[in-house]
Amino acid sequence: MDLLAFAKGPALQVAAYIFVAGSIWRIVGIVLLKEKVDHSEPRKSGGLMAALKVIYTRSFTASPFKRATLYPKMLAYVQHLGLFAVIFLFVPHIMFFEGFLGFSWPGLPNNIIYLLGVAAVAASIALLVRRLTSPVLKLISNFDDYFSWFVTVLPLVTGLMIPVRMGFRYEDILAVHILSVVLLMLWFPFGKLGHAFLVFVTRGTTGMVFERRGAKT
Amino acid sequence: MKKRPTVGEILQAKGVSRRGFLKYCATTASILALPPSMIPRIAEAIENTRRPSVIWLSFQECTGCTESLTRSASPTVEGLIFDAISLDYHHTLQAAAGDQAEAARHAAMEENEGGYLVLVDGSIPLGNPGFSTIAGMSNVEMLKETVAGAAAVVAIGSCAAFGGIPGADPNPTGAVSVMDLVTDKPVINVPGCPPIPMVMTAVLTHFLTFGTIPDLDKHGRPMTFFGTTIHDRCYRRPFYEQGKFAETFDDEGAKAGWCLYKLGCKGPTTYNACATTKWNSGTSFPIEAGHPCLGCSEPNFWDGGGFYEPLSTGRFDSGTKLAGAAAAGVALGVAAAAAGRSKQAKFTKEG
Ligand code: SF4
Ligand code: SF4
């Protein structure tokens, strides 16, 4: 079996099992936890609307911090939206998803995806530099932060190398790209990357709790 | 040893014009990526070389490779050159049969000891020698015996080069490729199902001209023909980059000649000269005719997933195992939550 067959077959297969089992474990484990008890009379009911409101408002920075966080916030948006487009709107990726989902959706031209990919890599590097140079961020960063960064950027870089090639053979660099995705899938549920599933759950929960307590959201 | 005619004499006798011959030499130089200054050298070498002795062995094959070379609509110079160099022993093309044919093979081997070329099409079954025999001899025996005194071996077609259809899963005959068996002689792989005729003769011409084997890639294929992918040379490539794909074989995209990636094109991982050298005397190639590349010049292309399955499709087995993984996740999650809840309860009590 050559490297590409290994990557597309057994490697991806095992990664998929672990990714699915791990992600569901994390999500179910959190969702089934007991709700916080109210120590005082709830001000409001704290329903779905409260959750949705905070999911929306927390997408923007509160005004006192706007200026201070403008730079990292912009970088984070470029990184996240770039990643989203590269993963879900690149036609070969859509074909990959269609392979097991059974349906597809329209994608973007490859040229645009390449641009967004480069932007996402550049933003990721700038964010890493910031993490390494800001004393506060440095202090609160651990292995999880750096490794999560690494396994996210690796598939981006190897993916961008496929059209450029740089002396590598297409099937070899494609195999390395898939294996880098395998690494990402293996780490995803267990590290901080899990926020991709949980970010809106946690924001919504915060919104509901805050509303019950009568806090301004 | 009787004096063999030169290839030039044979071509002349077959009525190939000087102009046609030089045109062939120029094309060969260009596809071998040689400078135009090499054209006279090629012409001289071909014209003056005594007909080299070539023994062609056919094992588990469909004769498609021979057909590819000999059934062009009008006889081409490459076809004639091939004729001129290849007739010592070839099951399909030789007039002799039975003992006579075997005697011809032995005679050619003895007379040209150390200097003849062996061309092989078809894979060799190791499972049971009875799966394929010639003159009572198993394929592996005949290959070993014939190759012993050869200068080099050329594996023609994907079966000889990599095992091909006979070697595809579950490989009932235990088929192997030439390079699996021949390790002490240079082996040149010219894969394809079938290979492009021009590529076959250009490899032979290279051998005639320089007396050496060309640069080979990691699969033993000449770099000049198998150095770039179909995708890198495909005229539909701009559509690929623009994201314009044919979705079915008869939609507007297919009619407009858009990229065939979604219809299963294996061009990106296939190294061959189809997109540049083309087929049928340079007329077109499969992608130009509207069909995705199957990847026929790659090892194990039969087992590389469905022909119409996009290249980026993962090769998962059943979804049931994935469902099993999901169920395991739920179980783990419930257990984790139960543990969490009891901790929560303890915490609230203590608090
Ligand atoms: S038709 Fe095939 S080889 Fe040509 S650009 Fe599309 S994917 Fe590549
Ligand atoms: S286009 Fe692809 S499948 Fe077709 S002959 Fe060429 S290499 Fe083989």
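Residues numbered from 1 in each chain as written. Chains lettered and ligands numbered in written order. Predicted model: local features only at pLDDT ≥ 70, side-chain atom pairs only at ≥ 80, totals over all residues. Heavy atoms only, no water.

1. So, the site of ligand 1
Phase 1: The full set of residues close to ligand 1 is B:His231, B:Cys234, B:Arg236, B:Arg237, B:Tyr240, B:Cys259, B:Leu260, B:Tyr261, B:Cys265, B:Gly267 and B:Ile287.
Phase 2: Along the lines of polarity and charge, the residues of the shell around ligand 1 split into seven nonpolar, two polar and two charged. (Near = heavy atom within 4 Å. Nonpolar A, V, L, I, M, F, W, Y, C, P; charged D, E, K, R; others polar.)

2. Some words on the interface of chain B and chain A
Phase 1: At the interface, 40 residues of chain B touch 34 residues of chain A.
Phase 2: Counting each side, the surface lost to burial between chain B and chain A is near 3400 Å², with a carbon and sulfur contribution of 61%.
Phase 3: There are three salt bridges connecting chain B and chain A.
Phase 4: In this structure, B:Lys218 engages A:Glu171 in a salt bridge whose closest nitrogen and oxygen atoms are separated by 4.0 Å.
Phase 5: At the boundary of chain B and chain A, one finds 11 residue pairs in polar contact (both at pLDDT 80 or more).
Phase 6: Take the side of chain B that touches chain A: its biggest share by element is 16 residues, from helix 17 (residues 319–350) of chain B.
Phase 7: Its residues assigned to classes, the side of chain B that touches chain A comprises 17 nonpolar, 13 polar and 10 charged. (Contact = heavy atoms within 4.5 Å. Buried area = accessible area lost by both parts, 1.4 Å probe. Salt bridge = Lys/Arg side-chain N within 4 Å of Asp/Glu carboxyl O. Polar contact = N/O pair within 3.5 Å; in protein donor to acceptor, adjacent residues only side chain to side chain. Helix = DSSP H or I, 4+ residues; strand = E, 2+ residues; numbered from the N terminus.)

3. Focus on the environment of B:Val153
All names here are of chain B.
Phase 1: Structurally, Val153 is set in strand 7 (residues 150–156).
Phase 2: Val153 gets classed as buried once you look at its relative accessible area, which sits at 0%.
Phase 3: Residues Val153 and Leu117, 36 residues apart in the sequence, show an inter-C-alpha distance of 5.9 Å.
Phase 4: The contact partners of Val153, leaving out residues within four places of it in the chain, are Val118, Val120, Val147, Val178, Val182, Lys185, Pro186, Val187 and Ile188. (Buried < 20%, exposed > 50% of the residue type's maximum accessible area, 1.4 Å probe, protein only.)

4. Considerations on the domain arrangement of chain B
For interface size, the figure often reported is the accessible area lost on association.
All names here are of chain B.
Phase 1: Structurally, chain B comprises domain 1 (52–226) and domain 2 (230–303).
Phase 2: Summarising the inter-unit geometry, the C-alpha centres of domain 1 and domain 2 are found 28 Å apart.
Phase 3: Residue-level contacts link 21 residues of domain 1 with 16 residues of domain 2.
Phase 4: Each partner contributes to the roughly 1400 Å² buried at the junction of domain 1 and domain 2, and carbon and sulfur atoms together form 66% of this total.
Phase 5: Counting the surface domain 1 buries against domain 2, the share from its top three residues, Phe162, Ile196 and Phe226, is 33%.
Phase 6: Linking domain 1 with domain 2 are one salt bridge.
Phase 7: Residue Glu298 is joined to Arg221 by a salt bridge in which the shortest nitrogen-to-oxygen separation is 2.8 Å.
Phase 8: Taken together, domain 1 and domain 2 are joined by five residue pairs in polar contact (both at pLDDT 80 or more).
Phase 9: Of all the elements in the fold, those that place two or more residues in the side of domain 1 that touches domain 2 are helix 8 (157–162), helix 9 (164–167), helix 11 (197–210) and helix 12 (223–226).
Phase 10: The greatest single-element share of the side of domain 1 that touches domain 2, amounting to three residues, is contributed by helix 11.
Phase 11: Looking at side-chain class alone, the side of domain 1 that touches domain 2 contains 13 nonpolar, six polar and two charged residues. (Domains from an automatic or database assignment.)

5. A short note on the environment of B:Cys25
Residue and element names in this part refer to chain B.
Phase 1: With respect to the secondary-structure elements, Cys25 resides in helix 2 (residues 18–31).
Phase 2: In this structure, the C-alpha to C-alpha distance between Cys25 and Lys346, residues 321 residues apart in sequence, is 89 Å.
Phase 3: If we ignore the near neighbours within four places in the chain, the residues touching Cys25 are Ile39, Ile42, Ala43 and Ile46.

6. Side note on a nonpolar patch on the surface
Phase 1: A contiguous nonpolar patch, built from A:Val14, A:Ile18, A:Trp25, A:Leu186, A:Phe190 and B:Leu332 and spanning about 460 Å² of accessible area, is present on the exposed surface.
Phase 2: Residue contributions to the nonpolar patch peak at three residues, all from helix 1 (residues 3–31) of chain A.
Phase 3: Tracing the sequence through the fold places A:Val14 in helix 1. (Patch = residues over 30% accessible without salt bridge, like charges linked within 9 Å, V, L, I, M, F, W, Y side chains within 5 Å. Areas by Shrake-Rupley, 256 points an atom, 1.4 Å probe, with all protein chains shown as cover.)

7. Some words on the packing of aromatic side chains
Phase 1: On inspection of all chains with the given rule, the structure shows 25 aromatic pairs over all chains.
Phase 2: Summarising the aromatic geometry, the rings of A:Phe88 and A:Phe97 are spaced 5.4 Å apart at their centres and angled 25° between planes, so their arrangement reads as stacked.
Phase 3: One aromatic cluster is present, built from ring pairs that chain together A:Phe84, A:Phe88, A:Phe96, A:Phe97, A:Phe100, A:Phe103 and A:Trp105.
Phase 4: If you follow A:Arg169 out to its NZ or CZ, it ends over the ring of B:Tyr271, 4.0 Å from the centre. (Phe/Tyr/Trp six-rings, centres within 6.5 Å; stacked < 30°, edge-to-face > 60°. Lys NZ or Arg CZ within 6 Å of the ring centre and 35° of its normal.)

8. Some words on the side chain of A:Asn110
Phase 1: Locating A:Asn110 in the fold gives a position in helix 5 (residues 110–133).
Phase 2: Residues within four places of A:Asn110 in sequence aside, it is in contact with A:Phe90, B:Tyr240, B:Glu241, B:Gln242 and B:Gly243.

9. Things to note about the site of ligand 2
Phase 1: Taken together, the residues surrounding ligand 2 are B:Thr270, B:Asn272, B:Cys274, B:Trp279, B:Pro286, B:Cys293, B:Leu294, B:Gly295 and B:Cys296.
Phase 2: Classifying every residue of the shell around ligand 2 gives six nonpolar, three polar and no charged.

10. So, helix 7 (residues 139–147) of chain B
Phase 1: Residues B:Asn139, B:Val140, B:Met142, B:Leu143, B:Thr146 and B:Val147 constitute the buried set of helix 7 of chain B. Buried positions in helix 7 of chain B, seen along its axis, are confined to an arc of 165° and lie on one side of it. (Arc of directions from axis to C-beta.)

11. Some points on the pattern of salt bridges
Phase 1: Here the structure, examined in full by the defined rule, presents 15 salt bridges over all chains.
Phase 2: For A:Arg131, the salt bridge goes to A:Asp145, with nearest N and O atoms at 3.4 Å. Taken together, the positions of A:Arg131 in helix 5 and A:Asp145 in helix 7 (residues 143–164) put the pair 14 residues apart, joining distant regions of the chain.
Phase 3: Between B:Glu252 and B:Lys255 there is a salt bridge, and its shortest N-O distance comes to 4.0 Å.

12. Considering the side chain of A:Ser23
Residues and elements named next belong to chain A.
Phase 1: Locating Ser23 in the fold gives a position in helix 1.
Phase 2: On the basis of relative accessibility, which here comes to 6%, the residue Ser23 falls in the buried class.
Phase 3: There is a polar contact of 2.7 Å between the side chain of Ser23 and the backbone oxygen of Phe19.

13. Topic: helix 1 of chain A
Phase 1: Taking 1.5 Å as the rise per residue, helix 1 of chain A with 29 residues should run 42 Å; its terminal C-alpha atoms sit 39 Å apart, in good agreement.
Phase 2: Of all the bends found along helix 1 of chain A, the most pronounced is centred on A:Leu12 and spans about 35°. (Expected span 1.5 Å × (residues − 1). Bend = angle between axes of the 7 residues up to and from the residue.)

14. Quick word on the packing of helix 2 of chain B against helix 11 of chain B
The relative placement of two packed helices comes down to the angle between their axes together with the axis-to-axis distance.
Residues and elements named next belong to chain B.
Phase 1: At their nearest, the axes of helix 2 and helix 11 sit 10 Å apart, and the two run at 90° to each other. Classified by the angle between their axes, helix 2 and helix 11 sit roughly perpendicular to one another. Each of Tyr24, Thr27, Thr28 and Ile31 in helix 2 lies in contact with helix 11, whose residues at this interface are Met198, Thr201, Ala202 and Thr205.
Phase 2: Of the residues that constitute the contact of helix 2 with helix 11, the class distribution is four nonpolar, four polar and no charged. (Axes fitted to C-alpha atoms, helices over the stretch in contact; angles between N-to-C directions. Parallel < 35°, antiparallel > 145°, perpendicular 65-115°, else oblique.)

15. Things to note about the sheet that holds strand 2 (residues 89–90) of chain B
Residue and element names in this part refer to chain B.
Phase 1: Ordered by their spatial adjacency, five strands build an open sheet running 2-1-3-7-9, and the pairing between neighbours is parallel. At either margin of the open sheet sits one strand with a lone partner, and together these are strand 2 and strand 9 (187–190).
Phase 2: Strand direction decides the pairing type here: strand 1 (residues 54–58) and strand 3 (residues 116–121), joined by five bridges, are parallel. Paired with Ser58 across the two strands is Asp121, which belongs to strand 3. (Pairing = 2+ DSSP bridges.)

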